[in-house]
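Each chain, letter by letter, is given below.
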Amino acid sequence: MASLSLLLCFITAALCKSTQQKLSPRDTNSSLGGYNFVDPLIGTRNGGHVFAGANLPFGMAKAVADVTSDNQAGYASNGSPVTGFSHMHDSGTGGASSLGNFPIFAYPGCVNDDVNGCVFPKRQRQVEIVDGSVSARPGYFTIGLKSGVKAEITAANRTALYNFTFFSNATGNATTGAPLSPLFIVDLTDLPDTRLDGNASVDPNTGRMTGSGTFQPSFGTGSYTLHFCADFLQGNSIRDTGVFVNTRAGSEPKTVVMGHDNNSPPLPGGTYTWFNEVEEGATITVRVGLSFMSVDQACTTAETEIPDFSFEKTLATAEEIWSDKLSVLSIDTTGFTDTDLQVIFWSGVYRAMLSPQDYTGENYLWESDEPYYDSWYCIWDSFRSIHPFITLVDPYSQTLMIRSLIDIYRHEGWLPDCRMSLSKGWTQGGSNADIVLVDSYLKNITQDVDWVTGYEAVVKDAESEPPVWDYEGRGGLNSWKNLGYIPADDFDPYGSGLITRSVSRTVEYAYNDFCIAEMAQALGKQEDYEKYTKRSGNWINLYKPDQVSDINGADTGFTGFLQPKYHNGTFGYQDPTLCSSVMSFDSCYLNPGGHETYEGSPWLYSFFAPHDMALLITTLGGPDTFVSRLDYLHESGILYVGDEQAFLTVFQYHYAGRPGKSTERIHYYIPSQFNTTTAGIPGNDDSGAMGSFVALSMLGIFPNPGQDIYFITAPFFPSFSITNGITGKTATIKTINFDTAYKNIYIQSATLNGEDYTKNYLTHRFFFEGGTLELTLGDKESTAWGTSKDDVPPSLSTTS
C-alpha cells in the first residue's frame with residue numbers, strides 16, 4: 001500500500017481540484033455579488049470562535065468538523081486534530097463550548113479488520129488535519145484528514161449533509177494494512193461534555209442511526225433534550241451494525257442507553273454502521289436531521305428537506321439562498337486593485353446572519369403559532385449592532401425575531417437577556433431585550449407584531465423583580481426606584497442574583513428606562529414617559545467629580561469618573577482603569593469577585609449615556625475636554641475594541657460636533673483590528689457582533705441602538721445601496737472625491753435627495769422610504785459640516 005506521505009499528497013490534490021474555483025484569485029468586480037467575497041474562516045483563530053461550517057441564514061443546522069482546542073464553534077484554524085463532525089453550533093461565543101451534539105466520526109477501516117480495532121473515545125480517536133485541505137464558503141465546508149478521509153459538508157435548515165470520500169486506510173504514521181471498509185459512529189456526546197442521559201439505536205437493514213440525549217446549556221441554567229436521525233445514501237452494502245460503550249463495541253444489542261452516572265466526562269457510547277470494502281475514492285453520503293421535539297420529527301424533517309441525498313442540489317440551494325440574502329446590499333468597488341476590504345465587509349455581513357437561529361416548530365416548552373428563535377447569545381452583545389443591522393438588511397427576519405421575543409415573554413414571563421438551547425441564559429447587565437424591542441418599534445418593525453404585549457414586557461422589566469434575576473429581569477429594583485442607583489452593598493430581599501456590576505448595571509438600567517420612555521411617548525402614555533425619562537437620568541448618580549485616574553502611577557490628566565456607591569450614599573472605590581487592557585483585563589466577569597463593572601472599566605462606562613450625550617459632554621468638561629478624553633480612551637490602551645461596549649465610543653465624537661474624528665477612529669480600527677486572516681477579528685465574534693460592527697462601520701452608518709439615529713461617516717466604498725425588504729425602496733449613499741488610498745475620508749458637505757444636508761446623522765426614514773445621500777469628501781476635517789449644535793444627534797436634555 002502507498003506510504004502515508006503519498007496518500008496525503010493524493011488527498012490534498014483531490015481537495016484542491018474540488019475547491020479550485022473557491023481557491024482561485026478573486027475578481028475585484030463587485031458585480032459578482034457579495035457571496036463571492038465571503039470567507040467563513042475569518043475569525044476562526046485566536047479566540048474569534050466564528051462558526052466556519054455549512055448553514056443557511058439563521059439556520060438551526062450548523063455542521064462542521066469539531067477539533068480539540070478552542071472549539072467553542074466546533075472548528076478552529078489552529079491545527080488541532082478533529083474528533084468528529086457535528087451538526088449544531090453557535091458562533092463567536094466566549095466561555096464554554098456550545099452544542100456539538102451527536103458527532104459522526106468516519107473510520108476508513110479498523111485495525112486488524114476488527115470492530116474493536118477502531119478507537120471510540122473522542123479524546124483518543126482524534127485525527128490530524130491535512131495541511132491546506134480546509135476550505136469554506138457560505139453553505140459549504142471541506143476538510144481532509146490524515147486517516148485518508150475527505151469530508152465535504154452542506155446543509156438545509158435543520159438537516160446536515162456530508163460526503164465522506166475514502167482514499168486509503170491510514171492511522172497514525174502508517175497505513176493500517178486493513179481493507180478500506182468504512183465504519184461510522186454517532187457518539188452520544190456534545191462539545192462541552194454535559195450529557196445527562198442518552199440513548200441510540202441502529203437499524204441493521206438500512207444502517208439508520210437514531211437517538212436522543214439530554215444536555216446542559218453552555219451559558220445558562222437547566223437542561224435540554226435533542227434528537228437525531230442519521231441515514232446513508234443506499235448503494236454501499238452494510239457489513240455490520242451495533243453499539244459501542246467506552247472502548248468496546250459489539251453487534252448486539254442494537255440499542256444503547258446511557259444514564260447519568262459518576263463518570264466525568266460522561267462515558268462514551270453510541271451506535272455504529274460498518275460498510276463492506278469500497279474502492280479507493282469511494283464516497284459515502286450521510287444525512288443527519290435534528291429536532292428538539294422527537295426522533296420521528298428529526299427523520300421527517302431530513303426526508304423533507306433533503307429527500308434524494310443530492311449533495312450538489314442541496315449545495316446549489318444553499319448558495320442560491322445565501323446569494324439572495326446578501327443581494328439586498330450592493331457596493332461599488334471602482335478603483336480597487338485588491339479584494340481585501342470587500343472580503344472583510346461581506347464576511348462581516350455574512351456572520352451577522354448566523355444567529356439568532358430559527359427553531360420555529362422545534363420548541364417543546366409550549367405550544368404557539370408564533371415564530372421561535374433561539375441562540376440569543378447574548379442580547380447584551382447583539383443589541384448594539386446585530387439587530388440594528390438585521391433591521392436594515394432583513395426586516396422580515398427581524399420582525400420574526402421580535403415576535404419570538406414577545407412570545408418568550410408571553411410564556412416564560414420575562415424577556416430574555418440571553419437564551420440558548422431552549423434554556424434561560426445568564427444576564428450580563430441590564431434588561432437589554434428592551435432596547436432590541438424599542439429599536440425595532442422605532443424603525444417600523446410592525447407586521448403581525450403584538451406591540452401591546454411588547455410594551456407590557458418592557459414595563460415588567462422596569463417594575464417587577466423576579467425571584468432570581470441572574471437569568472431574567474433586573475435586580476435591585478427597590479434601590480433603583482428609591483435611591484436612583486444600584487448600591488455596591490445593595491439590600492435586596494425581593495430577589496437574588498450575583499451582587500456585582502453595580503456601576504454597569506446602573507448605567508444600563510438607565511438606558512433601558514430611556515428606551516421604554518421612547519416607546520411610552522410614541523404610544524401616548526405620558527405618565528410612563530415622564531417616569532422612565534426621570535429614571536433614565538440615574539446614571540449621573542454614580543458620577544464622582546473629583547475621582548482621578550492614573551496608569552502605572554502616571555496621571556491621566558482627567559478627573560471625574562463613575563464609581564460604586566454604597567447604600568448610605570457614600571462612594572466606594574474601583575480603580576478607573578480596572579478591567580481594561582492596562583489593568584487586570586480579565587477581572588470583571590460573571591463571578592462573585594467580578595467587581596462593579598462588567599467586561600470593562602469605569603473609564604469606559606463613564607462614556608455610557610447614549611441617550612443624553614449633551615449632558616455627559618457638559619459633565620465631563622465640555623466638547624473640547626470630552627474630545628480629548630475620548631482620544632485618550634482610544635489611544636492610551638485602555639479601550640479594547642473586541643468588547644462590544646467599545647463600539648459606540650468610536651462614534652461619540654459626533655455629539656461634540658467632530659464627525660471627522662469618528663471617521664479617523666474607524667479607519668484606524670479597520671483594517672488594523674479587522675482583516676482577512678483567520679485571526680482577523682478582535683476577540684469573540686459574539687454571534688456576529690464584530691461582523692455587524694464592521695459591516696455598518698464600512699457603510700458609514702453605524703447606529704445608536706435603541707434610538708432612531710445613524711451616525712454618518714465616510715463609507716469605505718465609493719457608493720452603496722440597500723433595498724428595504726418591506727417597502728422595496730432603495731437607499732443609496734454616494735461619494736464625490738473618493739480615493740482608495742483613504743486620504744479623503746472627511747465629509748465636507750452633503751446633499752439628501754438633492755438638498756443641502758448638514759446633520760451628521762440619518763434616521764431610519766431614509767432607509768425605509770429610499771433616497772440618495774451624496775457626500776463630498778476631502779483630506780482635511782471640515783470645520784463646517786455636521787459641527788453645529790443643530791447638526792449633532794439629539795440628546796434627552798436638549799430635546800425634552
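This report concerns the structure included in the present document.

Cut-off values and rules
Think of each chain on its own: its residues are numbered from 1, step by step along the sequence as written. Where totals are concerned, whole chains, interfaces and linings use all residues; where local detail is concerned, this predicted model gives features only for residues with pLDDT of at least 70, and gives and counts side-chain atom pairs only at 80 or more. As a rule here, side-chain values come from all non-hydrogen atoms in the structure, and water together with hydrogens is ignored. Structural elements are reduced to axes, namely lines fitted to C-alpha atoms, with helices fitted over the stretch in contact, and the angle between N-to-C directions of any two is expressed from 0 to 180 degrees. Helix and strand assignments come from DSSP, with helices taken as H or I runs of at least 4 residues and strands as E runs of at least 2, each series counted from the N terminus. Crossings are sorted by hand: turned counterclockwise from the far helix by less than a right angle, the near helix makes the crossing left-handed, and turned clockwise it makes it right-handed. Contacts: residue pairs with any heavy atoms within 4.5 Å of one another. Residue type decides the class: Asp, Glu, Lys and Arg count as charged, Ala, Val, Leu, Ile, Met, Phe, Trp, Tyr, Cys and Pro as nonpolar, and the leftover types, Gly among them, as polar. Only when DSSP finds a minimum of two bridges between them are two strands counted as paired. Burial classes follow relative accessibility: with a 1.4 Å probe on protein chains only, a residue under 20% of its type's maximum area counts as buried, one over 50% as exposed, and anything between as partly exposed. Any two cysteine sulfur atoms lying within 2.5 Å of each other are counted as a disulfide. Under the rule applied, a polar contact is a pair of N or O atoms within 3.5 Å (in protein, one hydrogen donor and one hydrogen acceptor; residues adjacent in sequence only if both atoms are side-chain atoms). To form a nonpolar core, buried Ala, Val, Leu, Ile, Met, Phe, Trp, Tyr and Cys residues must be joined to one another through side-chain atoms within 4.5 Å. Here a helix's expected span is defined as the number of its residues, less one, multiplied by 1.5 Å. A pair of Phe, Tyr and Trp rings is counted when the ring centres sit within 6.5 Å of each other, with Trp represented by its six-membered ring. The angle between the planes then sorts it: under 30 degrees is stacked, over 60 is edge-to-face, the rest tilted. For a ring to carry a charge above it, either NZ of a lysine or CZ of an arginine must fall within 6 Å of the ring centroid while also lying within 35 degrees of the normal to the ring plane.

Attention now goes to the packing of helix H11 (residues 451–463) against helix H13 (residues 502–522). Running from N to C, H11 and H13 cross one another at 145 degrees; their axes reach a closest spacing of 10 Å. Two packed elements cross with a definite hand, and for H11 against H13 that hand is left-handed. From H11, Trp451, Gly454, Tyr455, Val458, Val459 and Ala462 reach across to H13, where they touch Asp513, Ile516, Met519 and Ala520. Taken together, the residues that form the contact of H11 with H13 break down as eight nonpolar, one polar and one charged.

The next thing to look at is the sheet that holds strand E26 (residues 701–703). Read across the open sheet, the three strands follow the order E26-E27-E32; overall the sheet is antiparallel. Every other strand in the sheet has two partners, leaving E26 and strand E32 (761–762) as the edge strands with one partner each. Sheet analysis places strand E27 (residues 710–712) next to E32, joined by two bridges and oriented antiparallel. When the bridges of E32 are listed, Tyr710 appears paired with Leu762.

With that settled, consider the pairing of strand E10 (residues 183–187). Burial of E10 is extensive: five of the five residues sit out of reach of the surface. Burial of the side chains of E10 extends over both faces: Leu183, Ile185 and Asp187 are buried on one face and Phe184 and Val186 on the other. As paired elements, strand E3 (residues 104–107) and E10 share four bridges and run antiparallel to each other. The residue bridging Ala106 from the neighbouring strand is Phe184, located in E10. Here five bridges tie E10 to strand E17 (residues 269–275), and the two strands are oriented antiparallel to one another. Across the sheet, the residue bridging to Val186 is Thr271, located in E17.

This next bit is on the state of the cysteines. If you walk through the whole model with that rule in mind, you get four disulfides. Here Cys229 is linked by a disulfide to Cys299, with a sulfur-sulfur distance of 2.2 Å. Handedness of the Cys229-Cys299 disulfide follows from its S-S torsion of about 100 degrees: it is right-handed. Placement of Cys229 in strand E13 (residues 224–232) and of Cys299 in helix H4 (residues 295–305) is noted, with a sequence separation of 70 residues between them. Of the two residues, Cys229 and Cys299, neither departs from the other in class, the shared state being buried. The disulfide that involves Cys378 links it to Cys418, with 1.7 Å between the sulfurs. Between Cys378 and Cys418, the disulfide has an S-S torsion of -55 degrees and is therefore left-handed. In this pair, Cys378 is assigned in the loop between strand E21 (373–374) and helix H7 (379–382) and Cys418 in the loop between helix H9 (395–412) and strand E22 (419–420), connecting sequence segments 40 residues apart. Once the disulfide-bonded cysteines of the chain are ranked by sequence position, their pairing pattern turns out to be 1-2, 3-4, 5-6, 7-8. Considering cysteine sulfurs only, Cys378 is the nearest to Cys515, which forms no disulfide, with 18 Å between them. Judged by relative accessible area, which is 0%, Cys515 ranks as buried.

Attention now goes to the environment of Lys313. You can see Lys313 is positioned in helix H5 (residues 311–326). In this structure the C-alpha to C-alpha distance between Lys313 and Ser86, which are 227 residues apart in sequence, comes to 21 Å. Among the polar contacts listed, one links the side chain of Lys313 to the side chain of Asp308, at a separation of 2.5 Å.

Turning to the pairing of strand E6 (residues 149–155), a few remarks are in order. Where burial is concerned, most of E6 is hidden: seven out of the seven residues are buried. Alternating positions in E6 separate into two faces, Val149, Ala151, Ile153 and Ala155 on one and Lys150, Glu152 and Thr154 on the other, with burial throughout. Pairing geometry for strand E5 (residues 140–145) and E6, over five bridges, is antiparallel. For Thr142, the partnering residue across the bridge sits in E6 and is Glu152. Connecting E5 to the antiparallel partner E6 that follows it, the hairpin turn spans three residues, and Gly148 within it adopts a positive phi of roughly 100 degrees. When E6 meets strand E7 (residues 159–166), the two strands line up antiparallel, connected through seven bridges.

Moving on, we get to the environment of Trp785. Mapped onto the fold, Trp785 is located in the loop between strand E33 (771–778) and helix H22 (796–799). For the pair Trp785 and Arg195, spaced 590 residues apart in sequence, the C-alpha separation works out to 59 Å. A distance of 3.0 Å separates a polar atom in the side chain of Trp785 from the backbone oxygen of Tyr757.

Next up on the list: the nonpolar core. Core analysis: the biggest nonpolar cluster contains 219 residues, and Phe164, Phe184 and Ile701 have the highest contact counts within it. The element that contributes the greatest number of residues to this core is H13, accounting for eleven residues. Setting aside residues up to four positions removed in sequence, Phe164 forms contacts with Phe85, Ile104, Ala106, Val149, Lys150, Ala151, Phe184, Ala282, Thr283, Ile284 and Val286. Among the nonpolar cores identified, the runner-up in size contains six residues, and Tyr140, Ala156, Phe311 and Leu315 belong to it.

Under the 1.5 Å per step criterion, the end-to-end length of H11 is 18 Å for 13 residues, consistent within 8% with the ideal 18 Å. Of the residues making up H11, those classed as buried are Trp451, Thr453, Gly454, Tyr455, Ala457, Val458, Val459, Asp461 and Ala462. Packed against the buried residues of H11 are H9, helix H10 (433–442), helix H12 (477–482), H13 and helix H14 (526–535).

On to the side chain of Ser721. As for its placement among the helices and strands, Ser721 is situated in strand E28 (residues 719–723). The buried category is assigned to Ser721, whose relative accessible area is 16%. Discounting chain neighbours no more than four positions away, the residues touching Ser721 are Val328, Leu329, Ser330, Thr730, Ala731 and Thr732.

What the rule picks out here adds up to 51 aromatic pairs. Here the aromatic rings of Trp426 and Tyr471 are separated by 6.3 Å at their centres, their planes lie at 45 degrees, and the arrangement is tilted. Of the two residues, Trp426 sits in the loop between strand E23 (423–424) and H10 while Tyr471 sits in the loop between H11 and H12, which places them 45 residues apart along the sequence. Aromatic pair Tyr655 and Phe711: ring centres 5.8 Å apart, planes at 75 degrees, arrangement edge-to-face. Placement of the pair is Tyr655 in the loop between helix H18 (646–649) and helix H19 (659–672) and Phe711 in strand E27, with a sequence separation of 56 residues. Residue classification places Tyr655 among the buried residues on the basis of a relative accessible area of 8%. Through successive ring pairs, a cluster of aromatic residues spans Phe102, Phe215, Tyr224, Phe228, Phe292, Tyr359, Trp366 and Tyr372. A cation over a ring is seen here: Arg137 above Tyr140, with NZ or CZ 4.5 Å from the ring centre.

On their own, these measurements won't tell you what the molecule is for.
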